[in-house]
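# Structural characterization, general
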Amino acid sequence: MNARTVISQDDFAKFREFFYRKTGIQFEDSKRYFVDKRLVERIEATGSETFRNYFVNLRFQASGDELQQLVNAMTVNETYFFREEYQLKCLVTHMLDDLVKRKTDRSPIRIWSMPSSSGEEPYSIALYLLEYWKGIHDWDVELIASDIDTAILKRAERGVYSPRSVHNLPAKLLEKYFKRRSDGDYQISDDLRQSVEFTRVNLMNPADLRGYRDFDVIFCRNLLIYFDDLSRRQAADTFFDALKPGGMICLGHSESMSRISSLFNVRKFPDAIVYQKPLEAR
């Protein structure tokens, strides 16, 4: 950190409140070093002389480009293929069969992965559907993956992964769907890349959410732990509206929708607990 640029406690408080309003993410005091370091990087990258000058530009810049750069710097993207695999098993052995039994038309099954991070989760869903769901030849599937971080979305679309990212994959799937690069990383197949549509979405911005409706399944894992109670309830309302009646949402293993919202019913499958929008809900 440049010694000439100092983020005071008052600066931190102002920034924390602003960032929370924009993203729903609440930074605790324990994150001071993380936040200060990235703020100073952006202050210096933009040529701003002080936090005050930078903050004025951040709040009033019409294009919003610097806010997006800052969001990209502040969001944490830690994931790998087949993370919390028990939910993927539940998807192909119970959830989808439960959903298609009630389908009265041949409309595609719509799945939303939010946040998508660098793509490991949505590509894992696609892999699991192709390899393990017996209904994949009978139903069209639309897989939408969204994140607030535009830089991480570009990485996801490229589909290049480190050995660490793919360490959970069975060798036969790694060989079938990936190509080893000269630098030691893995390039995912074009077919899988084309099976996922990546989009930028901020859950706290209603304008971003127009058109995100009629999903059968939502994966939102390990995002709500970064929100406070108010932001969690707002996110729960958003997901409720985005689901079809009877649609289901999977959260991270340490998250519970029952502690956030009473809108959803708890469904206990052999592999996992998920949360369902009531069939009678509109």
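Values in this document were obtained by computation on a predicted structure and should not be read as measured data.

Criteria and cut-off values
- Throughout this description, residue numbers start from 1 for each chain and increase along the sequence as written.
- For this predicted model, a pLDDT threshold of at least 70 governs which residues receive local features, and a threshold of 80 or more governs which side-chain atom pairs are given and counted, while totals over whole chains, interfaces and linings are taken from all residues.
- For the side-chain quantities, the full set of heavy atoms in the structure was used; hydrogens and water were omitted.
- If DSSP finds at least two bridges between two strands, the strands pair.
- Where helices and strands are cited, they refer to DSSP runs of H or I of at least four residues and of E of at least two residues respectively, numbered from the N terminus.
- Only the contacting stretch of a helix is used when fitting its axis, a line to C-alpha atoms as for every element, and angles between N-to-C directions run 0 to 180 degrees.
- We call two residues in contact whenever any of their non-hydrogen atoms come within 4.5 Å of each other.
- The span you would expect from a helix comes to 1.5 Å times its residue count less one.
- Accessible area is worked out with a 1.4 Å probe on protein chains only. A residue is then buried under 20% of its type maximum, exposed over 50%, and partly exposed in between.
- Here a Phe, Tyr or Trp ring, Trp counted by its six-membered ring, pairs with any other such ring whose centre lies within 6.5 Å, and the pair is stacked when the planes are under 30 degrees apart, edge-to-face when over 60, and tilted otherwise.
- In plain words, nonpolar cores are sets of buried Ala, Val, Leu, Ile, Met, Phe, Trp, Tyr and Cys residues tied together by side-chain atoms within 4.5 Å.
- Handedness of a crossing is defined here by the sense of rotation of the near helix relative to the far one, left-handed for an anticlockwise turn of less than a right angle and right-handed for a clockwise turn.
- Each residue gets one of three labels, nonpolar for Ala, Val, Leu, Ile, Met, Phe, Trp, Tyr, Cys and Pro, charged for Asp, Glu, Lys and Arg, and polar for the others, Gly among them.
- Put simply, a disulfide is two cysteine sulfurs that come within 2.5 Å.

## What about the sheet that holds strand β4 (residues 178-180)?
Sheet strands associate in pairs through backbone hydrogen bonding, adopting either a parallel or an antiparallel arrangement. Spatial strand order, β3-β5-β4: three strands in an open sheet with antiparallel pairing. If you trace the sheet from one side to the other, it starts and ends with β3 (160-161) and β4, each paired once. Here three bridges tie β4 to strand β5 (residues 186-188), and the two strands are oriented antiparallel to one another. Bridge pairing links Phe-178 to Ile-188 in β5.

## Structural notes on the sheet that holds strand β1 (residues 109-113)
The strand order across the open sheet built from seven strands is β6-β2-β1-β7-β8-β10-β9, with neighbouring strands paired in mixed fashion. Both outer strands of the open sheet, β6 (196-200) and β9 (265-268), are each paired with one neighbouring strand and no more. Pairwise comparison of adjacent strand axes, ignoring direction, gives a mean angle of 25° for this sheet. Against the sheet, helix α7 (residues 150-158) contacts β2 (141-147) and β6, and its axis sits at roughly 170° relative to β6.

## Digging into helix α6 (residues 120-132)
Spanning 13 residues, α6 covers 17 Å between terminal C-alpha atoms, matching the ideal 18 Å at 1.5 Å per step. For α6, the set of buried residues is Glu-120, Glu-121, Pro-122, Tyr-123, Ser-124, Ile-125, Ala-126, Leu-127, Tyr-128 and Leu-129.

## Quick notes on the packing of aromatic side chains
In the structure shown here, the tally under the stated rule is 15 aromatic pairs. Each ring, one from Trp-112 and one from Phe-215, has its centre 5.1 Å from the other, and the planes form 20°; the classification is stacked. On the criterion of sequence distance, the pair formed by Trp-112 in strand β1 and Phe-215 in strand β7 (residues 215-220) is long-range, its members being 103 residues apart. Just as Trp-112 is buried, Phe-215 falls in that class too.

## Quick word on the nonpolar core
Buried together is how nonpolar side chains tend to be arranged in soluble globular proteins. Of all hydrophobic cores here, the largest spans 47 residues; its most connected members are Phe-15, Leu-39, Trp-112, Leu-203, Ile-218, Phe-239 and Ile-249. Every element with two or more residues in this core is listed here: α1 (9-23), α2 (32-45), α3 (51-60), α4 (65-74), β7, α10 (229-242) and β8 (243-251). It is α10 that provides the largest number of residues to this core, a total of five residues. The residues touching Ile-218, leaving out its near neighbours within four places in the chain, are Trp-112, Phe-239, Ala-242, Leu-243, Met-248, Ile-249 and Cys-250.

## Some remarks on the packing of α2 against α4
The angle between the axes and the distance between the axes are what describe a pair of packed helices. Packing of α2 against α4 leaves a shortest axis separation of 10 Å and a crossing angle of 145°. In the crossing of α2 with α4, the sense of the turn from one axis to the other is right-handed. Taken together, the residues of α4 that come into contact with α2 (itself represented by Phe-34, Val-35, Arg-38, Leu-39 and Arg-42) are Glu-66, Gln-69, Leu-70, Ala-73 and Met-74. Split into classes, the residues belonging to the contact of α2 with α4 amount to six nonpolar, one polar and three charged.

## Focus on the state of the cysteines
Across all of its chains, the model carries zero disulfides by this definition. No disulfide involves Cys-90; its sulfur sits 6.4 Å from that of Cys-250, the nearest cysteine. Overall, the relative accessible area of 0% leaves Cys-90 in the buried class. Looking at Cys-250, the relative accessible area reads 1%, which means it is buried.

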